[in-house]
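# Chain and residue survey
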Amino acid sequence: MTNDVRIGVMYDRDWAPEGLPGFARQAEGLGADDLWVVEDLGWNGGVSAAAVALGATERLRVGIGIAPAPLRSPALLAMEIATLARVFPGRLVAGIGHGVPEWMAQVGVAPRSPLSLLEETITSVRALLLGERVELDGREVRLDGVRLVHPPADVPPVVAGVVRPRSLELSGRVADGTLIAEGHGPDDLENIRALTTKGGAGPEHTLTVFSFACVGDDPAEVSRTLHPHTEGHGAWLGRPQEEVFTVSGSPEEAAGNVGELAAAGAGTVVLRFVGEEPLRQLEAVLRALGRRG
């Protein structure tokens, strides 16, 4: 099962953008399948970061994780995605989500209906990427006969980065896949799959799982390194810290965690490394999984 799952690595939002090209090249050389970039308010731009990573590599698939729908015009987002997809065919995944409500309010773009905005954004972006002329007078999105002049021949998947049940159903209804936040484990994936299926997702609907990762031979040190991340994330998820799933421990233990996610339906596992030398940690996990650069 672990031979089928894609292994990705996140370029953490706290890492300076000038380090991205070299990191992407090294991740590709080690044998990673994906590199995912982050778009959070005040950090790096997701589309520009994806362009940097794509331009620095030859085969690595790059994911945008995630573009906040309230912050992005669907027409402009489709134009940006199409440009990257034409230049780097088959190497892009576009993630779209609700955005953090407090941040969206901070920049004056909080929607009246987050669910409507996300559905209308994903639906219109996907239609534009397919070369369709889009007429939409929705609750949140209005497009009057918009069409891309250069739609991509190889249309990239558009995935929804969502957490709550109604949003997961929405993802199953309108997106090519679901992007799942850090901390979710195998049992969560089974519930998520049930909700996306309730929304209308078929077996081709992909699950991409972000996971905090820390690899080392000293269990106490691994635990100390993960602690501030799992503590804060547990509070956000509303679950005890010890129930925040991670890919961690020795390389073999971490590989086993990846296998658990794959067995529960993850098509891609994206490792968000914490601690020193993330590329060394990535290499150790890939080696334990039998992957070679």
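Located above this text is the structure these notes cover.
A brief report on the enclosed structure follows.

Scoring rules and cut-offs
- Residues numbered from 1 in each chain as written.
- Predicted model: local features only at pLDDT ≥ 70, side-chain atom pairs only at ≥ 80, totals over all residues.
- Heavy atoms only, no water.
- 1 Å grid on protein atoms, 1.4 Å probe; cavity = no way out; pocket = protein on both sides within 12 Å on 5 of 7 lines; lining within 4 Å.
- Points joined across faces, edges and corners; volume = space filled by probe spheres on them.
- Nonpolar A, V, L, I, M, F, W, Y, C, P; charged D, E, K, R; others polar.
- Phe/Tyr/Trp six-rings, centres within 6.5 Å; stacked < 30°, edge-to-face > 60°.
- Lys NZ or Arg CZ within 6 Å of the ring centre and 35° of its normal.
- Helix = DSSP H or I, 4+ residues; strand = E, 2+ residues; numbered from the N terminus.
- Expected span 1.5 Å × (residues − 1).
- Buried < 20%, exposed > 50% of the residue type's maximum accessible area, 1.4 Å probe, protein only.
- Contact = heavy atoms within 4.5 Å.
- Axes fitted to C-alpha atoms, helices over the stretch in contact; angles between N-to-C directions.
- Parallel < 35°, antiparallel > 145°, perpendicular 65-115°, else oblique.
- Left-handed = near helix turned anticlockwise from the far one by under 90°.
- Polar contact = N/O pair within 3.5 Å; in protein donor to acceptor, adjacent residues only side chain to side chain.

## Some words on empty space enclosed by the protein
- In the structure shown here, the tally under the stated rule is 1 cavity of 30 Å³ or more.
- In terms of lining, the largest cavity is formed by Tyr11, Arg13, Leu20, Val37, Val38, Asn44 and Ala49.
- Its residues placed into classes, the lining of the largest cavity shows 5 nonpolar, 1 polar and 1 charged.

## As for the packing of aromatic side chains
- Enumeration over the complete set of coordinates arrives at 5 aromatic pairs.
- Measuring from ring centre to ring centre gives 5.2 Å for tyrosine 11 and tryptophan 15, while their planes differ by 80°; the resulting arrangement is edge-to-face.
- An aromatic cluster is defined as three or more aromatic residues linked by ring pairs; in this entry it consists of Tyr11, Trp15 and Phe23.
- The residue whose ring lies beneath arginine 13 is tryptophan 43, and the NZ or CZ to ring-centre distance is 3.9 Å.

## Remarks on helix α3 (residues 74–87)
- Across its 14 residues, α3 extends 20 Å between first and last C-alpha, which sits within 8% of the 20 Å expected from 1.5 Å per residue.
- All buried positions along α3 are accounted for by Pro74, Ala75, Leu77, Ala78, Ile81, Ala82, Leu84 and Ala85.
- Buried residues along α3 sit in contact with α2 (46–56), β3 (61–68), β4 (92–97), α5 (114–129) and β6 (142–146).

## Details of the packing of helix α1 (residues 20–30) against α2
- Running from amino to carboxyl end, α1 crosses α2 at an angle of 50°, the nearest separation of the two axes being 8 Å. With respect to α2, the axis of α1 lies oblique. α2 is crossed by α1, and the crossing has right-handed handedness. Side by side, α1 and α2 meet where Leu20, Pro21, Ala24 and Arg25 of the first sit next to Ala49, Val52, Ala53 and Ala56 of the second.
- Per-class residue counts for the contact of α1 with α2 are 7 nonpolar, no polar and 1 charged.

## Some remarks on the side chain of histidine 184
- Among the secondary structure elements, histidine 184 is positioned in the loop between β8 (177–180) and α7 (186–199).
- In terms of polar contacts, histidine 184 uses its side chain to reach the backbone carbonyl oxygen of alanine 181, at 2.8 Å.
- Residues contacting histidine 184, with those up to four places away along its chain left out, are Val163, Leu189, Ile192, Val209, Leu237, Arg239, Phe245 and Leu261.

## Thoughts on the layout of surface pockets
- Of the pockets and cavities examined, the largest pocket occupies roughly 1,300 Å³.
- Lining the largest pocket are 50 residues, with Asp40, Ile66, Gly99, Val100 and Trp236 positioned closest to its centre.
- For the lining of the largest pocket, the secondary structure elements donating two or more residues are β3, α4 (101–106), α5, α6 (165–174), β8, β9 (206–215), α8 (219–237) and β11 (268–273).
- Counting residues per element, the lining of the largest pocket draws most heavily on α8, which supplies 5 residues.
- Taken together, the residues that form the lining of the largest pocket break down as 30 nonpolar, 10 polar and 10 charged.
- Looking at the second largest pocket, its volume works out to about 190 Å³.
- Along its surface, the second largest pocket is lined by 14 residues, and Pro219, Val222, Ser223, Leu226 and Ser248 are the ones closest to its centre.

Treat this as a map of the structure, not an account of what it does.
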